[in-house]
Amino acid sequence: MKRTGPLLVVAFILVVVLLFLGSAVVYGSYDKGPRTTTEVLLNQENGTYMKVIHVVVRGGTEEEIGYELGKVGIEEFNSILLPFDDPVYGEEKEQYIKGYDEDLYERVQGVKQAYQLGEDNYSYDASFPFYVGGIPLCSAIYFPPVSTEDGHAIAGRNMDWHYNSDHDEFTDVTDLSLFTNNTDINDEKFDELLADRIGTLAQVVQVVEIYPDEGYATLVIGTMDLLTGVVDGLNEKGLYVASLQDGDTYTDAFSDLAGFTSTRLNYMQVLGSILEHCANVEEAKQWLANSQVIMPFMGVHFLICDDSGAATVAEYDDESHELIFTDYQDTAVPLTNYAICLKPDISQYPPEKPNDAHDDYLRSAKLHDYISDHEGAFTTDDAWDAMEMVEANADLSSEEILAGENETDRLLWTVVTDLTDRSMTVKFILKDGPINNETYRTHDLVLSEPFTFKLER
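The shown structure was predicted, so the numbers you read here are calculated from the model rather than taken from an experiment.

Participant: Got a sec to walk through the overall build of the protein chain? Specific residues and values, please.
Facilitator: Of the regular secondary structure elements, the protein chain holds 10 helices and 19 strands. Buried residues in the protein chain amount to 56% of all 457 residues. Within the protein chain, counting contacts between residues at least 6 apart in sequence, those at least 24 apart form 67% of the total. Accessible surface, the protein chain as shown: approximately 19,600 Å² in total, 49% of it carbon and sulfur.

As structure tokens, this is what we get:
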């Protein structure tokens, strides 16, 4: 009878553990090495748009972490490795990665193991296990700690993407299992299948926390690639990075995102390395300056800021490809989708489409006015309010429809990051609500409950 109490306690703990595991998938569970869990937060139920998967990897060497992410990519995201046109490109790329970021190189070796590729197999690009594609069309804002009510550094950001009303890329079911690593790149269906993946960005989003045995812990919201698909990211030192489309700066429309003829890293992979190795804005600038960055499809610029009040916007000159930093200290920073190094004074650039609520200059003017007109210290509520003002929620105009256009934009997620608290709170789109403004053709958007993620060692 004396043992009944302890037995009941053990049984209760076991039930709690089993209940927890019932909502999550556990991968590695070892005395040593990583422990990986995945949990589906949203699953496109009842006609909603988004599938969101939360992945946490605790512990492990870089190679072990790469192996875990490779397995999760295969089993949860149906990720594939893009082929190289010739293994010589793959070998050159791996050698570049080894010299650029030894930790990423080790993770790549782990991914190759997950895909049962030998160490000397350079036919596929294991640095970017690909599942969907697209470009971040977005708005962002940064409040330094001297400007906030609680003394925390705060960043707000919207992630927007194209929505095609004739083909609902958010909810159409696509058999992506057709596109595997056995697909012949010379097959006539290859381009069609690849394009299908590039058109499904909104379907699956990842939230990934990684706690390596050595190196900085990171928290990332992203898509495209589980290994390095950084759209928004934060590390344990309070450094934050975000990528936003920038049509004014350098892009190489003929470069490859990964695989094929690529021998360097795309911008998301570089941001991942920055988070894993840099403690502040100054270190991030130095790392970026030593990086060779691929800019496929469309130009991108970066908002990089930390919990000390330092911030920079990094942009590449369209002609010379020179990396240009616009630095800030203890200053609120708004950012949309044009090059501020070329157009520093928003008052000189009226909206190109005044009746388009998502016009780059209109959104920028709104954010600048919000900052200059604000009375008192900023709060996290102000970051939410600022992002709501500039969210992508408008339909096409009648003129655009008559012109044969069928693509508009939608907010996919909106996130407020507390750099000081090392946390990110995000709301994902579920579906459109009713139109709220006939002039701008804007909708109320139905968003998910807020999900909060916090880096904890």
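Participant: Any chance you could break down the side chain of Thr249 for me, citing the residues and the numbers?
Facilitator: Topologically, Thr249 is positioned in the loop between β9 (240-245) and β10 (265-266). Taking relative accessible area as the criterion, Thr249 reaches 3% and is therefore assigned buried. There is a polar contact of 3.1 Å between the side chain of Thr249 and the side chain of Asp246. Other than its neighbours up to four places away in sequence, Thr249 contacts Gly299, Val300, Glu315, Tyr316, Asp318 and Ala339.

Participant: Before we move on, can you summarise the packing of helix α3 (residues 87-100) against helix α4 (residues 102-114) with the specific residues and values?
Facilitator: At a closest axis distance of 5 Å, the pairing of α3 and α4 adopts a crossing angle of 135°. Accordingly, the angle class assigned to the pair α3 and α4 is oblique. Contact residues: α3 offers Glu94, Ile97, Lys98 and Tyr100, while α4 offers Glu102, Leu104, Tyr105, Val108, Gln109 and Lys112. Taken together, the residues that form the contact of α3 with α4 break down as 5 nonpolar, 1 polar and 4 charged.

Participant: Could you give an account of a negative patch on the surface, naming the residues involved and the relevant values?
Facilitator: Residues Glu63, Glu64, Glu91, Glu119, Asp120, Asp213 and Glu214 make up a contiguous surface patch of negative charge. According to the relative accessible area criterion, Glu119 is exposed, its value standing at 58%.

Participant: Lay out the packing of aromatic side chains with the relevant residues and their values.
Facilitator: Scanning the model with the defined rule gives 10 aromatic pairs in all. Residues Phe143 and Phe378 carry aromatic rings whose centres are separated by 4.0 Å and whose planes lie at 5° to one another, so their mutual orientation is stacked. Note that Phe143 is positioned in strand β4 (residues 137-143) and Phe378 in the loop between α8 (360-373) and α9 (380-389), a separation of 235 residues in sequence. A residue is classified by how much of its surface remains accessible, and Phe143, at 0% relative accessible area, is buried. Ring geometry for Trp413 against Phe428: centres 6.4 Å apart, planes inclined by 65°, an arrangement best described as edge-to-face. One end of the pair, Trp413, is in strand β16 (residues 407-418); the other, Phe428, is in strand β17 (residues 423-437), with 15 residues separating them in the sequence. Overall, the relative accessible area of 1% leaves Trp413 in the buried class. Here Phe428 falls in the buried class, since its relative accessible area comes to 0%.

Participant: Residues and numbers for the pattern of salt bridges, please.
Facilitator: Under the defined criterion, the tally for this structure stands at 15 salt bridges. Of the charged contacts, one joins Arg107 and Glu62 as a salt bridge, the two residues approaching to 2.5 Å between their closest N and O atoms. One end of the pair, Arg107, is in helix α4; the other, Glu62, is in helix α2 (residues 62-76), with 45 residues separating them in the sequence. Look at Arg107 and you get buried, because its relative accessible area is 2%. What makes Glu62 buried here is its relative accessible area of 12%.

Participant: Talk me through the nonpolar core; I want residue IDs and the actual numbers.
Facilitator: In terms of nonpolar packing, the biggest core is built from 59 residues, with Val55, Ile274, Leu288 and Phe302 touching the most fellow members. Counting residues per element, this core draws most heavily on helix α6 (residues 267-277), at 6 residues. Among all residues touching Leu288, those that are not within four sequence positions of it are Val270, Ile274, Val293, Phe302, Ile304, Ala314, Tyr316, Leu323 and Phe325. Core analysis: the next-biggest nonpolar cluster, separate from the first, contains 49 residues, Leu41, Ile221, Val333 and Val426 among them.

Participant: If you had to explain unusual backbone geometry to someone new, which residues and values would you point to?
Facilitator: Look at Asn46: it is not a glycine, yet its phi comes out positive at around 55°. Judged by its relative accessible area of 77%, Asn46 is exposed. Its identity is not glycine, yet His321 carries a phi of approximately 65°, on the positive side. With respect to the secondary-structure elements, His321 resides in the loop between β13 (310-316) and β14 (323-329). For His321, a relative accessible area of 39% translates into the label partly exposed.

Participant: Please give an account of the environment of Ser262 that cites residues and values.
Facilitator: As for its placement among the helices and strands, Ser262 is situated in the loop between β9 and β10. Looking at Ser262, the relative accessible area reads 5%, which means it is buried. Taking C-alpha positions, Ser262 is 9.3 Å from Asp85, a pair spaced 177 residues apart along the chain. The contact partners of Ser262, leaving out residues within four places of it in the chain, are Phe84, Tyr89, Lys93, Asp125, Asp256 and Ile294. Separated by 3.1 Å, the side chains of Ser262 and Lys93 make a polar contact. Looking at Ser262, its side chain comes within polar contact range of the main-chain oxygen of Gly259, at 2.8 Å.

Participant: Describe in detail the confidence of the model for the protein chain, supporting the description with residues and values.
Facilitator: With 81% of its residues at a pLDDT of 70 or more, the protein chain has an overall mean of 85. This model gives residues 1-22 a pLDDT under 50, and the stretch forms 2 contacts once residues within four places in sequence are excluded. Of the regions scoring below 50 in pLDDT, residues 197-201 engages in 25 contacts with residues more than four places distant in sequence or in other chains.

Participant: So what's going on with helix α7 (residues 281-289)? Which residues, and what values?
Facilitator: Every α-helical turn comprises 3.6 residues, leaving residues that sit three or four positions apart pointing alike. Restricting attention to buried positions, one finds in α7 the residues Val281, Ala284, Lys285 and Leu288. Buried residues along α7 cover an arc of 100° about the axis, so they all sit on one side. The backbone nitrogen of Glu282 lies 3.2 Å from a side-chain oxygen of the residue at the head of α7, namely Asn280.

Participant: Requested: an account of α2, with residues and values cited.
Facilitator: Taking 1.5 Å per residue, 15 residues should reach 21 Å; α2 reaches 21 Å between its end C-alpha atoms and fits that length. Among all positions in α2, only Glu62, Ile65, Gly66, Glu68, Leu69, Gly70, Lys71, Val72 and Gly73 are buried. Where α2 is buried, its residues touch β2 (35-43), β3 (51-58), α4 and β6 (204-211). Just past α2, the residue Asn78 takes up positive phi, approximately 55°.

Procedures and definitions
- Residues numbered from 1 in each chain as written.
- Predicted model: local features only at pLDDT ≥ 70, side-chain atom pairs only at ≥ 80, totals over all residues.
- Heavy atoms only, no water.
- Helix = DSSP H or I, 4+ residues; strand = E, 2+ residues; numbered from the N terminus.
- Buried < 20%, exposed > 50% of the residue type's maximum accessible area, 1.4 Å probe, protein only.
- Contact = heavy atoms within 4.5 Å.
- Areas by Shrake-Rupley, 256 points an atom, 1.4 Å probe, with all protein chains shown as cover.
- Polar contact = N/O pair within 3.5 Å; in protein donor to acceptor, adjacent residues only side chain to side chain.
- Axes fitted to C-alpha atoms, helices over the stretch in contact; angles between N-to-C directions.
- Parallel < 35°, antiparallel > 145°, perpendicular 65-115°, else oblique.
- Nonpolar A, V, L, I, M, F, W, Y, C, P; charged D, E, K, R; others polar.
- Patch = residues over 30% accessible without salt bridge, like charges linked within 9 Å, V, L, I, M, F, W, Y side chains within 5 Å.
- Salt bridge = Lys/Arg side-chain N within 4 Å of Asp/Glu carboxyl O.
- Lys, Arg positive; Asp, Glu negative; His and termini not counted.
- Charge placed at Lys NZ, Arg CZ, Asp CG, Glu CD.
- Phe/Tyr/Trp six-rings, centres within 6.5 Å; stacked < 30°, edge-to-face > 60°.
- Core = buried A, V, L, I, M, F, W, Y, C linked by side-chain atoms within 4.5 Å.
- pLDDT = per-residue confidence, 0-100.
- Arc of directions from axis to C-beta.
- Expected span 1.5 Å × (residues − 1).

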